[in-house]
Amino acid sequence: MRRINSVNEFVIRFANVNGTGSASANGMFAKAIYRMGVPVSAKNIFPSNIQGLPTWYEVRVSERGHLGRRGGYDIMVSVNPQSMEKDLKDLEPGGYFLYDNTKPLDPGLQRDDVTFLGIPLTEICRREYSDPRQRQLFKNVIYVGALAALLDMDFQVFNTLVADQFKGKEKLVAPNLHALELGYQYVKEHLESPLPITTRRSDRIGERILLEGNEAVGLGAIYGGATVAAWYPITPSTSVVEAYEKYGNRLRIDPGSGNRKFAVVQAEDELAAIGIAIGAGWNGARAFTATSGPGLSLMSEFLGLAYFAEIPVVLVDVQRAGPSTGMPTRTQQSDILPAAYASHGDTKQVLLIPATPREAFEMAAASFDLADRLQTPIILMSDLDLGMNEHLSDPLEWDDDRRYDRGKVLSEDELERMNTRFGRYLDVDGDAIPYRTYPGSHPTRGAFFTRGTSRDEYARYTEEGDAYVRNMDRLLRKWETAKSLVPAPIPYQEQPQSSIGMIFYGSSVHACEEALDILREEDGLVIDALRIRAFPFNRQVQQFLTEHERVFVVEMNRDGQMRTLLMNECEHDPARLPSVRRYDGLSITASDIVAGMRRVLDRNNVVPLKKKA
Amino acid sequence: MSYVRPSFRHPQLPANELGLTRRDYEGSLSTLCSGCGHDSISGAIIQACFELSIPPHKVAKLSGIGCSSKTPTYFLGKAHGFNSVHGRMPSVATGANLANRDLIYLGMSGDGDSASIGLGQFGHVVRRNLNMIYIVANNGCYGLTKGQDSATADVGSVSKAGKVNPFEPIDLCTLALHQGATFVARSFSGDKDQLVPLLKAAIAHKGFAFIDVISPCVTFNNTPQSTKGYEFVRDHIEATGKIDFVPMKSEITAKYEPDFTHEVTLHDGSVIHLYKGDKELDVLDRRSALTAIENHKEAGRFLTGLLYMEPENNDLHDTLGTTRKPLRDLNEAELCPNNHALQVINDSLR
């Protein structure tokens, strides 16, 4: 039997029952790999449930630095009888199946091309612990200890890791180390170790950190100067505002009074959440809300108001699988179109699309400047994978000389000095962005009435068709201005090298980069690539489309929403935009992308452009 | 109906402490139907703000959608206004107030806006005790869509179309009391003598001040069989008593009979004198207010006037512990931690 043999290149999947504390033990395993200096990427694939249903945790270990999902599992830690049959079936040939052999394995569960590794986890726990809760919790820690032996991990890493993890709860350090030791010892005494799959210390991490996208966004909102956050709990966005509040309590307390320099309101629903953010934005505070697909649908009426009345506000959409309630704990990029054109009537919304936690932090901070500058909603399009999983990320940086751009706001002095009439919706500078005033600024000047109804340049209600058209056309010119202000796309080549291109966005970045490597190495195909980071598309996107005969659009939704947006906004020929999609709720893998592209390229009998020597 | 406001004003219009005349508190000309109760509410707001010498630009006017929500255009033209989304004014007001706690927030809503589409937001803004004045111009019908019954229409009330309302009404004062409102009053747009002092007290009150103003719709709901028409209201109204509002800085000159008056000191030191019409009602007792409303309802009467107040309370800013300085005025130095703090965070993520 062939057995998978590798060092620092494998995928391990943990199959657990949710609500049993497995995620923190599995996270400890991933963190240990990270601390050994080996690039790691962990994905928590969890149910929309609190206790008792199957949950998986997938860790890819990759010395070469591939951080996307690879597809396939080399090691399965199967401690959930509910999913054991499927877990065994999914294992790669030559893989390793670690299970609890306190009771004999169901005779139906057989494969002769994998190695079974039985550890009596339940029995060890029964012997060692009397408290049922401890038995459950430490079972997870014991298999992590077993893995340490099986994969030849540096046990010293666990010593410091456990000490760090339980800082302030020192009583828990020794029992956790003991549990790790139990697993480690059992393997040493009863099983072959190390396995042909092993780990070793490396130096491929550098300065990088492990961070969840939602935490990065919450922290970005603190650095970006947000003072009002209103939200309604919804998976997978909940931890955005929780992180904002956590860091606010650490970094935004007035030292003299102990008062908070921020406000968080848990609203009654998403309608109120965005209403609060818009009210605060109207009154001059930097405000945001965070939600997911169903919340975006509920918020769209208010998004139209903020678009039309020109009120700065930031909305974080952590996308999940839709439509409707969909798969609330699975990832997708399926809110692109509803966000881009959110609300009735002619509307277009600015989207920022981060791919990594570092970018999520930066874009969150920048979104408040952009909202103030453009006086319109800015929607940060994250997703469950980026938001709720810890990703290896470049460390966060802040330029202490950076100043907030509060946009075109007339102060009391400026209003006093004005010798022309203030017109809230007057295009004074030719960039179609008008000036605004905060309520209460000046006793007699600058007051205006904000409304979702049509009005003229001086904010007076009107039903005159001409005035309406002037305003709508100015909003379109403002949209043109936005193109030069939103983050530019990231090209993967200086000059076009290929007639075939690939466009992608958001959290598929790592899988796409890996796919480009595979196509180069295995197919000799050099493919130009562009990562879109914002909507409206700026000139570079348009240029990339015209410069390439065909451009593959990689995305995680059924309908090719970004492709539709490109077709619509760039008036581009659909035949030149082949699509690669995955929408089963799991992140797209490099092999999905490679397979999808090969299918199209083979069908079209493309002669590959050979890799330059 | 007039469509131009005459520019003539009496040369000796009285001025208030700020040197402003009543005219400085007016807004654009109303486009509501002539005789609309809502215009009387606008007039009372102008009167109250003028007499209290409130700088007009220190008021933020917020509204939802509907006839009532159009009225902020017709008063305090020097104040910013926000005509937002149907039923969602409470959330917009909440955000605005959080951004700058130093302005006076005046929310103008209607029975459709607050008791139907906005019932959820109404209930929640009450329980957060947002520091604002919340007025519902209550006419029991939808004016802008031509007279459909609203959720405050009484059972058996007949609209212009001749339809008898079969559904139980929502009493917003009762709801506000249940949700913990710290100031609850009901009034009638035709009773300026009562409405103006009530508005003054509501403005001086710290916390959520709710006034349900019965304000007849002359066009669609002023039939003899409508319980929100002028005739019916005038015939069935009963006041909790006459109200005097004495601002903090004024000297109390009038003499009050101790047995028949109740004196309530507000958070800012202002004083309300209530001449008790209803001896059973204790305005500091929530349960007593609920009972009084129910008793009058049973007798087929409207009870107007101040129903309940809790002068000392925690508003939303107190609850959230926000800074004294308005959040919108905080600058980079006050808001943005530095790169050093970020590097410490990076270290904690390794």
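These numbers were taken from a predicted model, which means no experiment stands behind them.

Draft legend 1. Just the environment of A:Val38, in detail. Residues and elements named next belong to chain A. Looking at the element boundaries, Val-38 is found in the loop between α1 (22-35) and β3 (40-45). Its 23 C-beta neighbours within 10 Å are what place Val-38 among the buried residues. In this structure, Val-38 is in contact with Asn-8, Ile-33, Val-61, Glu-63, Thr-199, Ser-202 and Arg-204, ignoring residues within four places of it in sequence.

Draft legend 2. Just the sheet that holds strand β19 (residues 500-505) of chain A, in detail. Residues and elements named next belong to chain A. The strand order β18-β20-β19-β22-β23 describes an open sheet built from 5 strands, whose pairing is mixed. Looking at which strands have only one partner, the edges of the open sheet turn out to be β18 (490-491) and β23 (579-581). Sheet topology note: the β19/strand β22 (residues 550-555) ladder contains 4 bridges and is parallel. Looking at β22, one finds that Ile-503 is bridged to Val-553.

Draft legend 3. Main features of the interface of chain B and chain A. Listed per partner, the contact involves 48 residues of chain B and 56 residues of chain A. Contributions of two or more residues to the side of chain B that touches chain A are made by β2 (80-83), α3 (89-99), α5 (119-127), α11 (332-335) and α12 (339-348) of chain B. Per-element accounting of the side of chain B that touches chain A gives the leading share, 8 residues, to α3(B). The residue inventory of the side of chain B that touches chain A, partitioned by class, reads 21 nonpolar, 19 polar and 8 charged. Inspection of the sheet shows strand β17 (residues 449-451) of chain A paired to β2(B) by 3 bridges, in the parallel sense. Each residue of the ladder has a partner; that of A:Thr450, found in β2(B), is B:Phe82.

Draft legend 4. View of the domain arrangement of chain A. All names here are of chain A. Looking at the assigned domains, one finds that chain A contains domain 1 (6-198), domain 2 (211-393) and domain 3 (490-603). Put simply, the middle of domain 1 and the middle of domain 2, counted by C-alpha atoms, are 35 Å apart. Opposite the 10 residues of domain 1 that make contact, domain 2 presents 9 residues. Considering only residue class, the side of domain 1 that touches domain 2 consists of 6 nonpolar, 3 polar and 1 charged.

Draft legend 5. Main features of unusual backbone geometry. Here the residue pair A:Thr235 and A:Pro236 is connected by a cis peptide bond, since its omega of 5° sits within 30 degrees of zero. Examined against the element boundaries, A:Pro236 turns out to sit in the loop between β10 (228-231) and α8 (238-251). A cis amide bond links A:Gly322 with the next residue in sequence, A:Pro323, at an omega value of -5°. Backbone geometry places A:Glu571, a non-glycine residue, at a positive phi of 45°. Looking at the element boundaries, A:Glu571 is found in the loop between α18 (561-570) and β23. A positive phi angle is found at B:Leu76, which is not glycine, with a value near 45°. The topology assignment puts B:Leu76 in the loop between α2 (67-70) and β2. Looking at B:Leu76, the number of C-beta atoms within 10 Å reads 28, which means it is buried.

Draft legend 6. Layout of the packing of helix α9 (residues 270-282) of chain A against α3(B). Look at α9(A) against α3(B): their axes get within 6 Å of each other, and the N-to-C directions meet at 40°. The orientation of α9(A) relative to α3(B) falls into the category oblique. Considering the relative orientation of α9(A) and α3(B), their crossing is right-handed. Between α9(A) and α3(B), the contacting residues are A:Leu271, A:Ala272, A:Gly275, A:Ile276, A:Ala277, A:Ile278, A:Gly279, A:Ala280 and A:Trp282 on the first element and B:Ser91, B:Val92, B:Ala93, B:Thr94, B:Gly95, B:Ala96, B:Leu98 and B:Ala99 on the second.

Basis of the calculations
Residues numbered from 1 in each chain as written. Chains lettered and ligands numbered in written order. Predicted model: local features only at pLDDT ≥ 70, side-chain atom pairs only at ≥ 80, totals over all residues. Helix = DSSP H or I, 4+ residues; strand = E, 2+ residues; numbered from the N terminus. Buried ≥ 20, exposed ≤ 12 C-beta atoms within 10 Å, placed from the backbone. Contact = placed C-beta atoms within 7 Å. Pairing = 2+ DSSP bridges. Nonpolar A, V, L, I, M, F, W, Y, C, P; charged D, E, K, R; others polar. Domains from an automatic or database assignment. Axes fitted to C-alpha atoms, helices over the stretch in contact; angles between N-to-C directions. Parallel < 35°, antiparallel > 145°, perpendicular 65-115°, else oblique. Left-handed = near helix turned anticlockwise from the far one by under 90°.

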